[in-house]
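Inside the fold
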Amino acid sequence: MKRGVTKRKLTKLVMVGIAGSGKSTSLQTVIGEEPLAEDQRTSTPLLTRPVQTEVVIVHDKVHWKKRNPEEKKKYIASLLRERAQRLGQASLTSQDPASLPTPAPSSPAQPSSSAQQSSTATQPVKTTGSPTTNTSTAVPDRSSRAAPAEVTLESLLQSSEEDQEYISLINIPSDSHETLLDETVVYVVDSGGQPEFMEAMAVFLGETSACVLVMDLSQSLDEHPQIGYWLRGKAVSKPYRCIRTNEENLKKFIQTVNTFTSKTKGQPSMLLFLGTHRDQAHKCLPETVADKNERLKKLIPAKFEKQIIQLDKKTLIFEINALNPDDTDRKTAEKVRSYILEQCPAKEVEIPVRWDAFEEKLRSLAKGLGRQVMSREECWRVAQSLGLEEDSFNEALDFFHNWSLMFYFRDILPEVVFIDPQVILDKVSELVVFMFELREPEEEDKTSPDEAAGAAAKGQTHGPDTDKPEPTSTNTDGTTPEKAAATSSQTADESLLPPGWQQFEKFGHVTKAFLEDKRFSSHYHRGIFSCEDLIHLLEELLVFAKLESEEGPETWLMPSVLRHVAEEKVKEVCVSAGPLVVDFPDGGPQNGIFCSLMAHVLSPQHPHPHPWKLCLSSNLPKCLYRDCIQFHVPDFGSVTLVDRFQYFEAHVSDTTSEEEEQKLWQHVGKSIFNGIETVSDMLGYSNNKPRPAIICPKSHSDKAHTAYIKDGKWNCTSDMGVRGTLAELGTVLPWCDEACNQQQSTVSEAAPVTTTHSQPPPTTSQQSTLDIDDHFDVVSELGDVAHVWKSLGGALRLRQPDLDRIKADHQQDSSSCLSEMVTEWLNQSYNTERFGLPSWKMLVEAVAHRNGGNNNALAIHIATKYKDDSLTPHSVARAVATVRELWGIGLADGLLEFLGVPESVINQIRDSRSYSSEEEKRVAGLQYCLQTVPGVSWGKIASVLWLLEEHTALETVRQYLPHTHDISLTLSNLTSALDSLPDTLCGDLW
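These notes cover the structure that comes with them. Since this is a predicted model, take the numbers as computed values, not measurements.

**As for unusual backbone geometry**
- Note that the residue after Leu285, namely Pro286, is joined by a cis bond; omega there is 15 degrees.
- Checked against the element boundaries, Pro286 lands in the loop between strand 10 (270-276) and helix 7 (289-299).
- The phi dihedral of Ser618 falls on the positive side, at around 55 degrees, and the residue is not glycine.
- Counting through the fold element by element, Ser618 comes out in the loop between strand 21 (616-617) and strand 22 (620-621).
- Judged by its relative accessible area of 69%, Ser618 falls in the exposed class.
- Notably, Phe645 is not glycine yet its phi reads approximately 75 degrees, a positive angle.
- Position of Phe645 relative to the elements: it lies in the loop between strand 25 (637-643) and strand 26 (647-653).

**Quick look at the packing of aromatic side chains**
- Throughout the structure, instances matching the rule amount to 23 aromatic pairs.
- A ring pair is formed by Trp612 and Phe631, whose centres lie 5.1 Å apart and whose planes are at 65 degrees; its orientation type is edge-to-face. Of this pair, Trp612 sits in the loop between helix 20 (593-602) and strand 20 (613-614) while Phe631 is found in strand 24 (residues 628-633), placing the two residues 19 residues apart along the sequence. As far as burial versus exposure is concerned, Trp612 and Phe631 are alike and both buried.
- Through a chain of ring-to-ring contacts, three or more aromatic side chains come together here, namely Phe204, Phe407, Phe409, Phe418, Tyr524 and Phe529.
- Over the ring of Tyr524 we find Lys427; its NZ or CZ atom is 4.7 Å from the centre of that ring.
- Lying over the aromatic face of Tyr708, Arg691 brings its terminal NZ or CZ to 3.9 Å of the ring centre.

**Looking at helix 8 (residues 327-343)**
- In a regular helix each residue adds 1.5 Å, so 17 residues correspond to 24 Å; helix 8 covers 24 Å between its end C-alpha atoms and thus fits that length.
- If you check which residues of helix 8 are buried, you get Asp329, Thr332, Ala333, Glu334, Val336, Arg337, Ser338 and Ile340.
- The residue sitting at the N-terminus of helix 8 and contributing the capping side-chain oxygen is Asp326; that oxygen lies 3.0 Å from the backbone nitrogen of Thr328.

**Notes on the environment of Pro604**
- With respect to the helices and strands, Pro604 occurs in the loop between helix 20 and strand 20.
- Note on Pro604: relative accessible area 43%, which makes it partly exposed.
- Sequence separation between Pro604 and Glu548 is 56 residues, and the spatial gap between their C-alpha atoms is 8.5 Å.

**Description of the packing of helix 9 (residues 353-369) against helix 10 (residues 376-385)**
- In the contact formed by helix 9 and helix 10, the axes pass within 10 Å of each other and the chain directions differ by 130 degrees. In terms of axis orientation, helix 9 runs oblique to helix 10. In the crossing of helix 9 with helix 10, the sense of the turn from one axis to the other is right-handed. On the side of helix 9, the interface is formed by Phe358, Lys361, Leu362 and Leu365, while helix 10 contributes Cys379, Val382 and Ala383.
- Here the residues of the contact of helix 9 with helix 10 sort into six nonpolar, no polar and one charged.

**Focus: the side chain of Glu505**
- By the secondary structure assignment, Glu505 is in helix 16 (residues 501-507).
- In this structure, Glu505 is buried with no salt-bridge partner, the nearest side chain bearing the opposite charge being Arg563 at 5.1 Å.
- If we skip the residues at most four places from it in the chain, Glu505 touches Met435, Leu438 and Arg439.

**Looking at the pairing of strand 25**
- Across the seven residues that make up strand 25, a large majority, seven, are buried.
- Bridge count between strand 24 and strand 25: six bridges; the pairing is antiparallel. Across the sheet, the residue bridging to Cys628 is Val642, located in strand 25.
- Hairpin remark: strand 24 followed by strand 25, antiparallel, with three residues in the connecting loop; positive phi at Asp635, about 75 degrees.
- Strand direction decides the pairing type here: strand 25 and strand 26, joined by six bridges, are antiparallel. Bridge pairing in strand 26 links Asp643 to Phe648.
- Where strand 25 hands over to strand 26, the hairpin turn is made up of three residues, of which Phe645 adopts a positive phi near 75 degrees.

**With respect to the environment of Gly228**
- In this structure, Gly228 sits in the loop between strand 6 (226-227) and strand 7 (230-231).
- Judged by relative accessible area, which is 1%, Gly228 ranks as buried.
- When the C-alpha atoms of Gly228 and Cys242 are compared, they prove to be 9.6 Å apart, with 14 residues separating the residues in sequence.
- Apart from residues no more than four positions distant in its own chain, Gly228 is found in contact with Ser43, Gln194, Pro239 and Phe436.

**So, the pairing of strand 24**
- The element strand 24 is largely enclosed, with a buried count of five among its six residues.
- Bridge count for strand 20 against strand 24 is two bridges, and the pairing is antiparallel. By the bridge assignment for strand 24, Leu614 is matched with Phe631.
- As judged from the two bridges shared by strand 23 (residues 624-625) and strand 24, these two strands associate in the antiparallel manner. Across the sheet, Tyr625 pairs through a bridge with Cys628, a residue of strand 24.
- Linking strand 23 to strand 24, which pair antiparallel, is a turn of two residues.

**Things to note about the pattern of salt bridges**
- Counted by the stated rule, this structure contains 41 salt bridges.
- A salt bridge links Lys292 to Glu287; the shortest N-O distance between them is 2.8 Å.
- Judged by relative accessible area, Lys292 falls into the buried class, the value being 0%.
- A relative accessible area of 10% means that Glu287 is categorised as buried.
- Across the salt bridge formed by Lys297 and Glu294, the nearest N and O atoms sit 3.4 Å from each other. With Lys297 and Glu294 both in helix 7, this residue pair falls three residues apart, about one helical turn.
- The exposure class assigned to Glu294 is partly exposed, which follows from its relative accessible area of 42%.
- Salt bridges here are not isolated pairs; linked through shared partners, they connect Arg8, Glu54, Arg67, Lys72, Glu183 and Asp356.

**A few points about the packing of helix 27 (residues 800-810) against helix 28 (residues 814-826)**
- Where helix 27 contacts helix 28, the axes come no closer than 9 Å and their chain directions differ by 145 degrees. Here helix 27 runs over helix 28; the crossing is right-handed. Here Asp802, Leu803, Arg805, Ile806, Lys807, Asp809 and His810 of helix 27 come into contact with helix 28, specifically with Ser816, Cys817, Glu820, Met821 and Glu824.
- Looking at side-chain class alone, the contact of helix 27 with helix 28 contains four nonpolar, two polar and six charged residues.

**Looking at the sheet that holds strand 17 (residues 545-547)**
- Read from one edge to the other, the open sheet built from three strands follows the order 16-18-17, with strand pairing classed as antiparallel. Only two strands of the sheet have a single partner each, and these edge strands are strand 16 (509-511) and strand 17. Within this sheet the neighbouring strands show an average axis-to-axis angle of 40 degrees, counted without direction.
- Note that strand 16 and strand 18 (residues 555-557) share three bridges and pair antiparallel. Along strand 18, the bridge assignment pairs Val510 with Trp556.

**Examining the nonpolar core**
- Grouped together as the largest cluster of nonpolar side chains are 127 residues, with contacts concentrated most on Phe204, Phe273, Phe418, Phe529 and Leu641.
- Looking at which element gives the most residues to this core, the answer is helix 12 (residues 422-438), with eleven residues.
- Sequence-distant contacts of Phe273, that is, excluding residues within four places in its chain, are made with Leu213, Ile254, Leu296, Ile300, Ile308, Leu316, Ile317 and Phe318.
- Core analysis: the second largest hydrophobic core is formed by 46 residues, Ile172, Val185, Val353 and Leu365 among them.

**With respect to the side chain of Ser209**
- With respect to the element layout, Ser209 can be found in the loop between helix 5 (195-198) and strand 5 (210-216).
- Within the structure, Ser209 has its side chain in polar contact with the backbone oxygen of Pro345 (distance 3.1 Å).

Criteria and cut-off values
Residues numbered from 1 in each chain as written. Predicted model: local features only at pLDDT ≥ 70, side-chain atom pairs only at ≥ 80, totals over all residues. Heavy atoms only, no water. Helix = DSSP H or I, 4+ residues; strand = E, 2+ residues; numbered from the N terminus. Buried < 20%, exposed > 50% of the residue type's maximum accessible area, 1.4 Å probe, protein only. Phe/Tyr/Trp six-rings, centres within 6.5 Å; stacked < 30°, edge-to-face > 60°. Lys NZ or Arg CZ within 6 Å of the ring centre and 35° of its normal. Expected span 1.5 Å × (residues − 1). Polar contact = N/O pair within 3.5 Å; in protein donor to acceptor, adjacent residues only side chain to side chain. Axes fitted to C-alpha atoms, helices over the stretch in contact; angles between N-to-C directions. Parallel < 35°, antiparallel > 145°, perpendicular 65-115°, else oblique. Left-handed = near helix turned anticlockwise from the far one by under 90°. Contact = heavy atoms within 4.5 Å. Nonpolar A, V, L, I, M, F, W, Y, C, P; charged D, E, K, R; others polar. Lys, Arg positive; Asp, Glu negative; His and termini not counted. Salt bridge = Lys/Arg side-chain N within 4 Å of Asp/Glu carboxyl O. Pairing = 2+ DSSP bridges. Core = buried A, V, L, I, M, F, W, Y, C linked by side-chain atoms within 4.5 Å.

None of the figures reported here should be taken as evidence of function without further support.
What follows is the structure, given as structure tokens:
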């Protein structure tokens, strides 16, 4: 029998931005809450549990109201009572075994060493007490909040009379899935802005509909922001200057969101820019907010423009003063809420009412037990008490996990359920905050003394300003990370520090003994969740990497907590003359890719033919930084990976011979690209497609950019018109296959006929699918038909609303419309499952289509120039079928153009009345070619004949093609040339 459901439109929103930008305070303003007092503000940890908000519209204004579980339960109960009355059924009694099965007996649950605070889904951000991480060296007495020893799951399952009635109501069956409630819910997740958090964040995000990128309007985009961690308004340690500017950090976030595709209907995540400190924007003059808008537009890749939520056509940034919001700021917050609901992909789901009851019951029991971790068996007993079947139980756990309401890593820890996701998020946060406590920042300040003095004048050298210390949710067990930070003298006392803290501080190494120290042990529970479980989970998620060690305890590396490398060190270890450069088409690597890649290549969980190990010197890592690491590959040599922010570099050294170097390069290239594919999948970056590249020969040494490798040529990523062959550079790239190191010979005219009949002539390009990198070539070919861009876009299967939007955005500028239309097409903004992926074949058909470009000459030109594997002769012939019936605008024009005759001459010959027949026009055209166009050959004519599958004519022409070279057409053999073309081709070919 079926039971009631609630219909929900779910949207998950993540607040991102550099530390101190005001994310958490802005979040409170957006959801309509008052900001915390200054002395209560604490930096956000890795991530927070989602704030569950319900969308309420009052007087045409959109509000996000925090969900109250108790109120929601009472409301649903009233709906269930009405439903029971309609069905003519009374509530089942509590003794009914169908509604209240007796739970199986079990041993009493062991209370944790410190009780954990309630973690209902309605209290994730606003807090007046403890922050979320526990770095204490001593656990305080919280006996007043601890669960009594005699409390067991069984005793807690003895429901109250109210609970029994609720359970009986949700178990009343009916003949259909009756919708009890139709609601829109937004889950809002806050995130830590420290770079150490960014490298480990993406793997925990799951379903993400949109990101709000928060930026501080009082800081210049060229400024290096300060990075620190604050607890109750006080810094854990001295803040340090970020090595990246605000603009570079924004670009990294844009790149990350650009490639993070939501699982919601497969649509990409949207991005909204929120500028805080509106009242202080004047502090970074002469750079205005308008200037920031213009610079932001230049950071956004063309393919990502549709994913930006704009305030209006000219404005990207939503300006707000979150700390002291006035009516203007509240109106801005309402616009943010409205625009997100209108433009972000929402997932429509039907949630069984029993799932709501199951979630609420688990949270209530976790609070009663004093721990936020339960075994799967315990959760199953709770599900049985609510009448859930096993399939529905498993689906519920997966749903909670996907939306970060709980964590259940089915494939990694199948017997553990984290009722509060903050448990795992806090474990990572504890390690990062402890690293902040331990070390003083090195001299990494990239600002000049004048800039530093200017920053000091604005109050930016002693921690965040009044809006920058960010609030966070309450820690799941009530413990507080400020316990350790409150007295810095404790850090100086080594006896109070966990074993192996020096190795952690210098090299990011952790051991089991280190992680079992009391400052990190708050969430462990005997028999349910142990230190070994934590290590196994973080290793599988590529946050940790196990290191091979012949002596000493087992050790793991946590790459995200390592320091940044100095440029002098990079020059010391990077010695390859032709390094492998890994280019990312969307502007650069995403957050987390590099650190996860380091964990991947080191981890024995992902074996390689030749294992990678840390390169050691005197038993210490030789080069180990967050953005530069040196490996040793036994029997081969050393490999150094460098994160250059815009791209990755790989260098090899210490090889014994050129042969060994070549083998190592082959192994390195395969390992890197396979590794990036694996970690991208792990992090949820579905559009991440790196490619081999070099440092562009045209770039400046102080600001290098890349040139990707394709068909033996290099192509500048900064200027699409700059390219060249690898042979011209005179540099052999050992990591490239032979084709990349050999200059492609000029297309031989004799090639198509010296091979077997089935083989095609040489082609300019062998790619079958086009992407955004082909934008320049496509637009260049279509320049003469820009005036019919809309018809052409329709033939390319773009949707009418998209074409109308392009027209509205660019008014009467046909060239701009054509460019954006091509961008939409190359970004696959149409039904690719029905019409296929972008290709030259598809473009040729659209250009020739009478409802498209209706230009057969251009179609033949493109088909001949860009013939690829998917563009078979037969398909081209179909695409330009009308050519065979029309001489004037058909293949004659196409062939003459292919042979090099200017369009003006073709038009003159075609329209001239001096010729009495079509044959005279043929002769005139060929005479012009032979007299003025160099290189006209039988081979070129043969190429066109092959393209049209005119095999009889092709065989006739072959007699003029020796095996070794071609005989160019001359006036003396013109008669033979004309005679070789059968009369049947007069109407077809000409």
